[in-house]
Amino acid sequence: MFKRLNWLDDIDTLQRNYGVAVSDVDADGTGDFEWIVAGFAGANFVLKFNTSSGKLDNIAKVGTPYTELRDVEGKAIGVCACDIDGDGREEIYFLNTNRAYAGRSSYGDKLFKWRDRKYVDLFSDPLNSEIDAKDFAGRSVACIDRLGTGKYSIIIATYSQGGTGKFALIEMDVAHPENNAEDGYIILKNVAMDAGIEKATGGRGIVVGPILSTDGRSDIFFNNEGNPRLKNPGSNFLFKNLGNGSFIDVANQVGLRDEEENGRGVYLSDFNKDGRIDVVHGNWEGKHRVFLQKEENGKIKFENVATSEFETPSLIRTVISADFDNDGHLEIFMNNIYAQNNPQPNRLFRVTSHGPEGLPDIEQMAIGDAVETDGCGTGAAVADIDRDGNLDLLVSHGEDRAQPLQIYGVVNTNSNHWIRVLPRTKFTAPARGAKVSVTNSVAETQTVIIDCGSGYLCQMEPVAHFGLSDTSAVHLTVQWPDGRSVRQKLSEADCNRLHVIDHPDYVISSTLNSSPTGKNDSSNKNKTAFHEEL
């Protein structure tokens with residue numbers, strides 16, 4: 001499936017790196033996204049594709065507006081991006097764990113905002129410096145539009161020690177008298193207790209989206225690890241959004257506790273194309289899971305349908321589900337970490353759907369160059385960085401030794417068709433947590449959740465990517481976290497294009513279609529979307 005790309009040959013990335021996120025860091029207006037890499041034993045990276053050289057540039061350099069993003073003193077492992085204040089530009093959160101496996105760390109997290117023509121750390125502002133939640137050892141970070149306002153909160157899965165260091169939910173304090181969003185001076189608060197997610201355990205992976213909610217509201221799944229010595233139970237949490245920004249754990253009722261295993265990477269997908277959101281996750285040296293969501297006698301239940309080959313235990317880190325070869329079927333990439341005298345190759349599985357009534361086939365595939373038998377994998381993220389309609393894969397490495405980052409592309413997509421959808425909030429930021437569905441010309445419907453944080457320590461591009469094989473798309477539907485939906489008709493001419501879909505409350509609602517090469521088509525800049533609000 002994968003071949004190694006030389007995009008990083010001009011950049012020295014040989015250090016211990018961890019999580020990877022994707023965001024439009026430079027807000028250059030072209031619709032390009034950058035990979036953000038958490039540099040655990042050195043500076044963080046921001047990697048932008050250079051169309052002239054055909055390679056990546058690291059734009060996070062000293063003397064640039066991105067200098068502070070380097071944060072050389074931080075031992076970053078997790079990273080995510082989202083718009084917390086509604087200015088249309090995503091803030092960037094780095095989760096640091098300096099000298100801390102659990103409990104309190106010696107160096108706090110960083111939350112970077114674009115202000116005064118550069119990125120600054122909001123936790124350095126006096127009124128934010130005392131927020132305790134930034135100072136605990138975390139394992140994953142993600143975002144959520146818990147109230148459906150288009151303004152996001154940051155979720156932190158901490159690794160507690162004897163109850164010290166509870167899950168956090170950090171957001172802008174809109175009612176604070178000194179909050180000055182217009183000038184970029186944001187007052188923050190931790191609302192985890194009020195929201196009902198302030199738990200103490202061995203937090204690992206996080207995914208966010210309308211897992212159970214039919215009204216678009218985002219739920220939260222925590223993939224946890226048990227540790228009796230630290231008094232951490234291992235049961236997973238599935239927090240259902242109650243519609244008012246608070247949550248209740250229903251993991252036990254729906255069959256997602258998996259309390260005997262130690263969770264790592266996790267992803268949301270619709271594997272059998274029934275419109276329900278399924279959960280795939282890896283367990284450290286335990287059996288990996290593919291949980292299909294089903295309704296039995298009016299109740300939601302998740303059934304593990306992983307094959308014996310898929311569930312084979314490994315030293316799992318990141319798990320990603322995507323259609324890499326655009327054939328209309330999802331693949332699951334499983335990134336493992338090498339242990340001494342114990343090779344742990346990465347693995348790839350194809351999930352072939354047989355429709356809502358049948359179980360999907362899960363079969364291992366030849367992974368190609370991305371096998372990394374001796375790779376110390378610590379994170380990975382996908383994005384169409386060069387905008388050619390094919391997903392690119394970045395894998396980071398670290399833990400016990402330095403290894404360079406690696407980029408992989410797909411060997412052959414057989415000229416399969418594709419369509420990409422970027423929903424935006426009413427503030428024009430990426431609408432993370434939105435649900436996007438595309439129906440093709442043979443009446444198959446695929447569903448993707450715009451990523452809020454997933455894999456493990458990571459966050460994917462904020463675009464729904466659909467492979468269509470030799471079919472065309474006939475319509476798409478977008479549902480935002482506030483429940484608003486639009487439905488848009490499509491034609492063959494809409495294939496092999498990026499569609500930007502604005503929230504219905506955006507004043508100039510439009511669809512900007514890129515050309516098949518992925519570049520902006522000026523002739524479409526003023527094209528009004530034909531859609532019907534549902």
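Residues numbered from 1 in each chain as written. Predicted model: local features only at pLDDT ≥ 70, side-chain atom pairs only at ≥ 80, totals over all residues. Heavy atoms only, no water.

J.: I'm lost on the sheet that holds strand 12 (residues 168–172) in this one. Help?
T.: Either a parallel or an antiparallel arrangement is found when strands of a sheet pair, and the pairing is made through backbone hydrogen bonds. The strand order across the open sheet formed by 4 strands is 10-11-12-13, and the pairing between neighbours is antiparallel. On the outer flanks of this sheet lie strand 10 (138–144) and strand 13 (188–190), each paired with one strand and no other. Across the sheet, the axes of successive neighbouring strands diverge by a mean angle of 25°, strand direction being ignored. Bridge analysis of strand 10 against strand 11 (residues 153–158) gives 6 bridges, and the strand direction is antiparallel. Among the inter-strand pairings, G138 is bridged to a residue of strand 11, identified as T158. (Pairing = 2+ DSSP bridges. Helix = DSSP H or I, 4+ residues; strand = E, 2+ residues; numbered from the N terminus. Axes fitted to C-alpha atoms, helices over the stretch in contact; angles between N-to-C directions.)

J.: How do you make sense of the state of the cysteines when you look at a structure like this?
T.: Disulfide: a covalent bond connecting the sulfur atoms of a pair of cysteines. Per the stated rule, a full pass over the model turns up 0 disulfides. With no disulfide of its own, C143 has C82 as its nearest cysteine by sulfur position, at a separation of 4.1 Å. (Disulfide = S-S within 2.5 Å.)

J.: I keep staring at the sheet that holds strand 15 (residues 219–225) and nothing clicks. Help me out?
T.: Ordered in space as 14-15-16-17, the 4 strands form an open sheet in which the pairing is antiparallel. Two strands bound the open sheet, and with one partner strand each, they are strand 14 (202–209) and strand 17 (247–249). Ignoring strand direction, the axes of neighbouring strands in this sheet form an average angle of 25°. Relative to strand 15, strand 14 runs antiparallel, the two being bridged by 7 bridges. Counted as the bridge partner of V208 is I220 from strand 15.

J.: Before we go on, may I ask you to explain the confidence of the model for the protein in this structure?
T.: The predicted structure's coordinates, where accompanied by low pLDDT, should not be read in detail. Of the residues in the protein, 94% have a pLDDT of 70 or more, and the chain-wide mean is 92. Counted against residues more than four places away or in other chains, residues 508–534, with its pLDDT under 50, gives 68 contacts. (pLDDT = per-residue confidence, 0-100. Contact = heavy atoms within 4.5 Å.)

J.: Looking at this structure, how should I read the environment of N58?
T.: Residue position: N58 is located in strand 5 (residues 55–58). N58 sits 12 residues away from V46 along the chain, and the two C-alpha atoms are 5.4 Å apart. In contact with N58, not counting residues within four places along its chain, are I11, F45, V46 and L47. Separated by 3.1 Å, the side chain of N58 and the backbone nitrogen of V46 make a polar contact. At 3.3 Å, the side chain of N58 forms a polar contact with the backbone nitrogen of A60. (Polar contact = N/O pair within 3.5 Å; in protein donor to acceptor, adjacent residues only side chain to side chain.)

J.: Can you help me understand the side chain of R317 in this one?
T.: Among the secondary structure elements, R317 is positioned in strand 22 (residues 316–322). Among the polar contacts listed, one links the side chain of R317 to the side chain of E399, at a separation of 3.3 Å. The contact partners of R317, leaving out residues within four places of it in the chain, are Y18, R264, G265, W284, N335, N336, I337, G377, T378, E399, G455 and Y456.

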